[in-house]
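For reference, the chains in residue letters:
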Amino acid sequence: DTEVTQTPKHLVMGMTNKKSLKCEQHMGHRAMYWYKQKAKKPPELMFVYSYEKLSINESVPSRFSPECPNSSLLNLHLHALQPEDSALYLCASSLTVLPNSGNTIYFGEGSWLTVV
Amino acid sequence: AQSVTQLDSQVPVFEEAPVELRCNYSSSVSVYLFWYVQYPNQGLQLLLKYLSGSTLVKGINGFEAEFNKSQTSFHLRKPSVHISDTAEYFCAVSITGTASKLTFGTGTRLQVTL
C-alpha cells in the first residue's frame, strides 16, 4: 500500500478563519513533507519532518503551522491566510530523509485551498 | 545549489508517436534524478529515478530515461504515447548524502492527440 491520504480535498476559507489540512500514511515512513504548488508551477518545499521532529522549514510564514502528532499523521494548521496563499498543498512521505536507494518520496493527491 | 531546467513548457504529440521530454540539471555535487507525472487535478506519481548504476532507467507506463553525466541531462522517452499519457511531467533532483529535498523543474505539459 503506497498511499498518502490527504483531507479535505477542497477547502475554502476566509482570511480570519482557522482551519487544518490533514495527511496520513501507513507505510511506516518516518519522513513527511508539506509542499505548496501554485497553478502551472512546480511544487515548492515548505516543511520536512523526520521522526516526528521538524527538520526543515523553508522560511514559511508563521500563518502556516505544521504539526506531526505521530509517525503516521501530519497536519498543517492555517490561520490568517492571504488570498495569495491559495494553492494546492501536497503532503508526501518517504522511508527516511536520507536519499538512499530505497527511499522514494510518495505524494498524496493534495488539498486545494482557496482563501477568500 | 542545484537547479533543474525543463526547456519545453509544452510538447504536443500524436498518439502512437515517440516522445522525448528534456531535462538538464546543474549541481556541483553528485545528484539523484527523478521524473514525476501529475495528471489533471491529482498529486504527483513517481515515474522513475536514477540513483546510481546503469544510466538507462526504466519506469512505469513504458517510460524510460537516460542519465548523461557529461551533458548533465536526464531526458525522458517513450516510444509510443497514448492519450492517457496527457499530463504534466516534472523532472526533479536531490543532492546525494543530504535530506530528501527535491528541487523540481518547471514542468512540461505533454499533450497527446489523435
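Residues numbered from 1 in each chain as written. Chains lettered and ligands numbered in written order. Predicted model: local features only at pLDDT ≥ 70, side-chain atom pairs only at ≥ 80, totals over all residues. Heavy atoms only, no water.

### A short note on the overall build of chain A
Phase 1: Each helix and strand in chain A was counted, giving zero helices and eleven strands.
Phase 2: Reading chain A from its N terminus to its C terminus gives the helix and strand order β-β-β-β-β-β-β-β-β-β-β.
Phase 3: In summary, chain A has a C-alpha radius of gyration of 14 Å against a globular reference of 13 Å for 116 residues, a match within 12%.
Phase 4: A principal-axis box enclosing the C-alpha atoms of chain A has dimensions of 40 × 25 × 20 Å.
Phase 5: The buried share among the 116 residues of chain A stands at 49%.
Phase 6: A separation of at least 24 residues holds for 56% of the contacts in chain A among residues at least 6 apart in sequence.
Phase 7: Put simply, chain A shows about 5,700 Å² of open surface, and 52% of that area lies on carbon and sulfur atoms. (Helix = DSSP H or I, 4+ residues; strand = E, 2+ residues; numbered from the N terminus. Rg over C-alpha atoms; globule rule 2.2 N^0.38 Å. Buried < 20%, exposed > 50% of the residue type's maximum accessible area, 1.4 Å probe, protein only. Contact = heavy atoms within 4.5 Å. Areas by Shrake-Rupley, 256 points an atom, 1.4 Å probe, with all protein chains shown as cover.)

### Structural notes on the interface of chain B and chain A
Phase 1: With 23 residues of chain B at the contact, the number on the chain A side is 24 residues.
Phase 2: Regarding the contact of chain B and chain A, the summed buried area is about 1,800 Å², with carbon and sulfur atoms giving 59% of it.
Phase 3: The interface formed by chain B and chain A contains zero salt bridges.
Phase 4: Residue assignment for the side of chain B that touches chain A shows that the elements contributing at least two residues are strand S5 (31–38), strand S6 (44–50) and strand S10 (87–95) of chain B.
Phase 5: When the residues that make up the side of chain B that touches chain A are grouped by side-chain class, the tally is ten nonpolar, eleven polar and two charged. (Buried area = accessible area lost by both parts, 1.4 Å probe. Salt bridge = Lys/Arg side-chain N within 4 Å of Asp/Glu carboxyl O. Nonpolar A, V, L, I, M, F, W, Y, C, P; charged D, E, K, R; others polar.)

### So, the nonpolar core
Residue and element names in this part refer to chain B.
Phase 1: Within the largest apolar cluster, 28 residues are counted, with the highest numbers of intra-cluster contacts made by Trp35, Leu48, Leu76 and Tyr89.
Phase 2: Of all the elements in the fold, those that place two or more residues in this core are strand S2 (10–14), strand S3 (19–21), S5, S6, strand S8 (64–68), strand S9 (73–78), S10 and strand S12 (108–113).
Phase 3: For Leu48, the contacting residues outside a window of four places in its chain are Leu33, Phe34, Trp35, Val57, Lys58, Gly59, Phe63, Glu64, Ala65, Phe74 and Leu76. (Core = buried A, V, L, I, M, F, W, Y, C linked by side-chain atoms within 4.5 Å.)

### Focus: the sheet that holds strand S8 (residues 73–79) of chain A
All names here are of chain A.
Phase 1: Strand order in the open sheet made by the four strands is S1-S3-S8-S7, with antiparallel pairing throughout. A single partner strand is all that each edge strand has here, and the edge strands are strand S1 (4–7) and strand S7 (64–70). Here the average twist between neighbouring strands, direction ignored, is 20°.
Phase 2: Pairing between strand S3 (residues 18–25) and S8: seven bridges, direction antiparallel. By the bridge assignment for S8, Ser20 is matched with His77. (Pairing = 2+ DSSP bridges. Axes fitted to C-alpha atoms, helices over the stretch in contact; angles between N-to-C directions.)

### Some thoughts on the confidence of the model for chain B
Phase 1: A residue-level look at chain B finds 96% of positions with pLDDT of 70 or above and a mean pLDDT of 92.
Phase 2: Considering each helix and strand of chain B separately, the mean pLDDT is smallest for strand S11 (residues 103–104) of chain B, with a value of 90, and largest for S3(B), with 98. (pLDDT = per-residue confidence, 0-100.)

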